[in-house]
Amino acid sequence: MKAGIVVFPGTNRERDMAIALRVVTGREPVMIWHGETDLPDLDLVVLPGGFSYGDYLRCGAMAAHAPIMAPIRRFAEAGGHILGVCNGFQILTEAGLLPGALLRNGALRFLSQDCHLRVERDDTPFTRRWKTGDVFRAPMAHGDGNYIADDATIRELEDSGRVAFRYARPDGRIDESDAQTNPNGSIKAIAGVLSANLRICGMMPHPEDLVDPLMGGEDGKPLFEGLVEALVR
Amino acid sequence: MSSATGQKPVDEALAREFGLTAEEYGNVLSIMGRTPSLTELGIFSVMWSEHCSYKSSRVWLRTLPTTAPWVIHGPGENAGVVDIGQGLAAIFKMESHNHPSFIEPYQGAATGVGGILRDVFTMGARPVANLNALRFGSPENPQTRRIVDGVVRGIGGYGNCVGVPTVGGEINFHPAYDGNPLVNAMTVGIARQDRIFLSAAAGIGNPVVYVGSKTGRDGIHGATMSSSEFDEDALAKRPTVQVGDPFVEKLLIEACLELMATDAIVAIQDMGAAGLTSSSVEMAGKGGVGIDLDLDAVPQRERGMTAYEMMLSESQERMLIVVHPDKTELARAIFEKWELDFAIIGHLTDTGHIVVRHQGRVEADIPLDPLADQAPLYRRPTAPSPEPAPLGQITDPVGIEQALIRLIGCPDLASRAWVWNQYDSTVGGQTVKRPGAADAAIVKVEGTSLGLALTTDCTPRYCRADARQGGAQAVAEAWRNIVATGARPLAVTDNLNFGSPEKPEVMGQFVAAIEGMGEACRVLDFPVVSGNVSLYNETRAPDGSSVSILPTPAIGGLGVLEDVNRAIGLAMPAEGTLVLVGATRGELGQSLWLREIHGREDGAPPTMDLAAERRNGDFVRQQIEAGHVLACHDVSDGGILVALAEMAMVGEAGCILSAPQSGMRPEAFWFGEDQSRYVVAVRDAEAFTVAATSAGVETRTLGQVGGDGLTLPSGATISKARMKAVNSAFFPALMDD
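Residues numbered from 1 in each chain as written. Chains lettered and ligands numbered in written order. Predicted model: local features only at pLDDT ≥ 70, side-chain atom pairs only at ≥ 80, totals over all residues. Heavy atoms only, no water.

This next bit is on the overall build of chain A. In terms of helices and strands, chain A carries 5 helices and 11 strands. A compact globule built from 233 residues would reach a C-alpha radius of gyration of about 17 Å, and chain A, at 16 Å, matches this within 12%. Oriented by its inertia axes, the alpha-carbon framework of chain A measures out at about 45 × 35 × 35 Å. For chain A, the residues scored as buried account for 63% of the 233 residues in total. Summed over its atoms, the accessible surface of chain A is roughly 8,500 Å², and 48% of this surface lies on carbon and sulfur atoms. Counting 25 positive and 32 negative side-chain charges, chain A places the averaged centre of each group 1 Å from the other. (Helix = DSSP H or I, 4+ residues; strand = E, 2+ residues; numbered from the N terminus. Rg over C-alpha atoms; globule rule 2.2 N^0.38 Å. Buried < 20%, exposed > 50% of the residue type's maximum accessible area, 1.4 Å probe, protein only. Areas by Shrake-Rupley, 256 points an atom, 1.4 Å probe, with all protein chains shown as cover. Lys, Arg positive; Asp, Glu negative; His and termini not counted. Charge placed at Lys NZ, Arg CZ, Asp CG, Glu CD.)

Moving on to the overall build of chain B. When you go through chain B residue by residue, the secondary structure sums to 27 helices and 28 strands. Taken over C-alpha atoms, the radius of gyration comes to 26 Å for chain B, in line with the 27 Å a tight globule of 737 residues would show. Projected onto its principal axes, the C-alpha coordinates of chain B cover approximately 85 × 60 × 45 Å. The long-range share in chain B, meaning contacts at least 24 apart out of those at least 6 apart in sequence, stands at 84%. Accessible surface computed for chain B: about 23,700 Å², of which carbon and sulfur atoms make up 50%. In chain B, the 58 positive side-chain charges and the 88 negative ones have mean positions that sit 2 Å from each other. (Contact = heavy atoms within 4.5 Å.)

Considering all chains together, one arrives at 18 aromatic pairs over all chains under this definition. A centroid spacing of 4.2 Å and a plane angle of 15 degrees characterise the contact between Trp130(A) and Phe136(A), whose relative ring orientation is stacked. Taken individually, Trp130(A) and Phe136(A) each receive the classification buried, so the pair is uniform in this respect. Judged by centre distance (5.8 Å) and plane angle (40 degrees), the ring pair of Phe136(B) and Phe173(B) falls under tilted. (Phe/Tyr/Trp six-rings, centres within 6.5 Å; stacked < 30°, edge-to-face > 60°.)

For any two helices packed against each other, one specifies the inter-axial angle together with the distance between the axes. All names here are of chain B. Packing of helix α8 (residues 105-121) against helix α11 (residues 246-260) leaves a shortest axis separation of 11 Å and a crossing angle of 5 degrees. As judged from the angle between their axes, α8 and α11 are roughly parallel. Between α8 and α11, the residues in contact are Gly-114, Leu-117, Arg-118 and Phe-121 and Glu-249, Leu-252, Ile-253, Cys-256 and Met-260, respectively. Its residues placed into classes, the contact of α8 with α11 shows 6 nonpolar, 1 polar and 2 charged. (Axes fitted to C-alpha atoms, helices over the stretch in contact; angles between N-to-C directions. Parallel < 35°, antiparallel > 145°, perpendicular 65-115°, else oblique. Nonpolar A, V, L, I, M, F, W, Y, C, P; charged D, E, K, R; others polar.)

What follows concerns the sheet that holds strand β16 (residues 451-457) of chain B. Residue and element names in this part refer to chain B. Read from one edge of the open sheet, 6 strands run β14-β15-β16-β21-β17-β18, paired in mixed fashion. This sheet does not close on itself; its edge strands, each paired only once, are β14 (431-433) and β18 (528-534). With strand direction ignored, the average angle separating the axes of adjacent strands in the sheet is 20 degrees. With 7 bridges connecting them, β16 and strand β21 (residues 552-561) associate as antiparallel partners. By the bridge assignment for β21, Leu-452 is matched with Val-560. Across the sheet, helix α20 (residues 504-524) lies against β17 (488-497), β18 and β21, angled at about 175 degrees from β17, the strand it touches most. (Pairing = 2+ DSSP bridges.)

Looking now at the UniProt feature "binding site: Mg(2+) 2" (unreviewed entry) in chain B. Residue and element names in this part refer to chain B. Under the local residue numbering, the UniProt record ascribes the feature "binding site: Mg(2+) 2" (unreviewed entry) to Asp-119 and Asp-270. The greatest C-alpha distance among the annotated residues, which extend across 152 residues, is 6.5 Å, indicating that they converge on a single site. For Asp-119, the location among the structural elements is in helix α8. Beyond its immediate stretch of four places on either side in the chain, Asp-119 contacts Asn-78, Ala-79, Lys-93, Glu-95 and Asp-270. Relative to the elements of secondary structure, Asp-270 occurs in strand β8 (residues 265-270). Excluding its chain neighbours within four sequence positions, the residues that come into contact with Asp-270 are Asn-78, Gly-115, Arg-118, Asp-119, Thr-122, Ser-279, Arg-318 and Met-319. (UniProt positions renumbered as here; feature names shortened; annotations may be inferred.)

Residues and elements named next belong to chain B. Strand order across the open sheet formed by 7 strands is β23-β25-β22-β26-β24-β27-β28, with mixed pairing between neighbours. Both edges of this open sheet fall to β23 (629-634) and β28 (717-719), since each of them pairs with a single strand only. Direction aside, the axes of adjacent strands within the sheet are offset by 25 degrees on average. The pairing of strand β24 (residues 655-657) with strand β26 (residues 699-705) spans 3 bridges and is antiparallel.

Right, let's get into the environment of Tyr308(B). With respect to the helices, strands and loops of the structure, Tyr308(B) is situated in helix α13 (residues 307-312). For the pair formed by Tyr308(B) and Val128(B), sequence separation is 180 residues and the distance between their alpha carbons is 36 Å.

Quick look at the UniProt feature "domain: PurM-like C-terminal" (unreviewed entry) in chain B now. When the UniProt feature table is mapped to this numbering, "domain: PurM-like C-terminal" (unreviewed entry) covers residues 204-358 and 576-709 of chain B. Annotated as residues 576-709 of chain B, this span is 38% helix and 20% strand, and its ends, taken at the C-alpha atoms, are 15 Å apart.

Right, let's talk about the environment of Val6(A) for a bit. Residues and elements named next belong to chain A. With respect to the helices, strands and loops of the structure, Val-6 is situated in strand β1 (residues 3-7). Sequence spacing of Val-6 and Ile-32 is 26 residues, and the spatial spacing of their C-alpha atoms is 4.6 Å. Not counting chain neighbours up to four residues away, the residues in contact with Val-6 comprise Thr-11, Ile-32, Val-45, Val-46, Leu-47, Pro-48, Ile-68 and Ile-72.

A separate point is the interface of chain A and chain B. It is common to give the size of an interface as the accessible area lost on bringing the parts into contact. Contact residues are listed per partner, giving 27 residues for chain A and 35 residues for chain B. Across the chain A to chain B interface the summed buried area is about 2,600 Å²; carbon plus sulfur atoms make up 51%. Looking at the side of chain A facing chain B, the largest losses of area belong to Arg109(A), Leu214(A) and Met215(A), adding up to 27% of the total buried there. Here chain A and chain B share 4 salt bridges between them. Residue Asp424(B) pairs with Arg13(A) through a salt bridge whose shortest N-O separation is 2.6 Å. (Buried area = accessible area lost by both parts, 1.4 Å probe. Salt bridge = Lys/Arg side-chain N within 4 Å of Asp/Glu carboxyl O.)

Moving residue by residue along a regular strand, the side chains alternate between the two faces of the sheet. Residue and element names in this part refer to chain B. β18 sits mainly inside the fold: 6 of its 7 residues count as buried. Taken together, the 6 bridges between β17 and β18 define a ladder with parallel strand orientation. Each residue of the ladder has a partner; that of Asn-495, found in β18, is Asn-532. Chirality of the crossover, the property in question, places the unit of β17, α20 and β18 among those that are right-handed. (Right-handed = clockwise from strand over helix to strand, strands pointing away.)

This is the structure:
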């Protein structure tokens, strides 16, 4: 699997993502500068976390208009696989590649803590190493992760099974109104969503920061292993 | 200030307004041989401010031990540099941003983080960890909530955005900080030993390059503000607080590190306190060269700035670099790639002067040697602090169980999770022990087997009772916290926060604390490699008197683990025996038990026996290295029972405790704060105690790991759930979250 990580001014989790991809693929991912107008030959494009353009204007709003986004759109239209984590998820929604938006956390504070995610379907390249209903741990670190969309969009996402992950208790129960379980207040406790063709996934928590027992666990590893399995040529 | 001072004549009265004494102004006149210009007076006043010149502290700082075989650069550079093995160096420093954080807590704290980051990456290191030591006023003070909220948001807002994990620190509350909180920020970075960058300028004719943000009118005379006491108009000084932009800082880090991978740089320094003035004066001064600056070339944020304003501005996220002339375009291309300003604003000369030109006029022309050499140096009068009175007979009015509950819920011991959860502690993917998981934070050095153990420590109430013991204790506790993870302590950075040096009793505290620190550093082979002094931490009481903070020599400690996989935490394991390392006399003077149960802050602080500290710590570290220890926690605030409660609250099990030491009152045994002690959980207690005895280390079995709470010798059990509920209540209640 050939993976590329897009670096915008203010991106800060590109190194974490590179480590996770290296651990799982055994290869060095390509770093792609935001000013590029072409993508190299890739199986996976990753938009990592951070504060692109300082979160000025709105999280992800300016990055969505960076030169690199034109080839990324073409890559998406051609059926390419894209993973957006944290700020990367925000950029994908701002670019219209995923539906919805991410508001300030419900408590209006930055939240850095472990959360538990329930896998909502296991037949996508991002989730195939889990079973539907599995729960895994991942660190979250964001100020604006409160997922929202209009009723019709939420209905559409739910009906077509495009919710990838939900915030949950360790036993898998969902409680949208409980700040312990759904820390940022996301609607329907949505933590990650998929595109209609299931090839673009955006999520707020950071599976890439939990791929080594030394750092507290390997809960995030199956996501990357699944991608390798699905995308290896 | 600018428009007003622009019209005033330069004279002794203006010099006083700028913080110079009559005598200091007299020296300015004799150095210059004429009346200085406004810009020149501004340069003298900031370079000779307490903040930049260390005029009250320098003679004492020199007495601290600063060398060891593993020290690469001690004090004098932007940060301290130590050898951590494998050709790598750790570069670190702690610095205060106290006064700005009272005036404008968010920006004060944020720019504190930004400033200390620059001190570290300016030397060639990628920053890998931030810590911060915070002291706030009484929780009952209505100002405290505003300050806590702003400071925490500011630290998070800056650190999270630049992508450096905030992994540790400490927080105390005390009424002595009501009008003067302390924000001490520490950054640790990693560099290759053969790529460390220094600030001494060299090469006559070499271009002087300005990079980063544009210069504005913010922060003018910030260094002078930090060198005087607050008065009732403190909040009117908001315009002297700088405004940070962590996004630009992030770009600056990446651009500087990219430039540092080339061989373009001769010397580099960040523009911190006193901005363009101190960076240019210090770089040229250290290199023994002169420097010409053309202010017309300085990137400016607003129109019509004067030379005085540009030289004194403390606009953030700016660096000054001397580059090799044939690499200028290479450097320019890197900074343009990162969309940062880049301007050649001068060159080095052989005149030995700093010459500042603006709009065709020479605005300043000062000989550099006397500016540095004749900087004021004071050996201010000291007065000893009174000996603490003995405690006398103390009774236990509440019992062990109730006392523990009160202690783990009190402001100084309550869970800090509310604060930590606002700091990104995992970015970078190298955080092995997050806040609260071990006595020191553990960060892996990417691509190696090495780990860094990082901590900040100080117990100000001990320092007030006995500054010498308190200074030694701060160093010893930092050392102990590193040892408790299995790491080898290497060096410290210090942040000496005190009241006005013009008060003999404060100066007495300062000198005694340094003596204590120096003694501990020597015995523990734990030299001081960088640091910062913050004086004039005073607030005006309503009756007009000036109230000093508690003496607070905050210590930032750094240790290394050759194999980071061997690091241990403090969480109670699933099984094992609990053993106390170190002797217990039951010292309750200045203890939190005394304060929380009796409402008394008196008595002598616990005795420091540095030889025992060293012996106990070396033994514990060897046992951890040998893999015999499952978990380890130092015994500090609150004593043994609080240490056990902390282990249980984050652990897999509780513990069942045996009877305390015979011949000692239970509260003295469980809550005494005797130093140099650790609680360890071990699999083979017998082997451990035999090894201890042969090392001359006193141990005592405390009980067995097990159950779901703390089971006291009486048989009563305090459940983990109850302890956690009490422990986690304070911050949300204070902040109304």
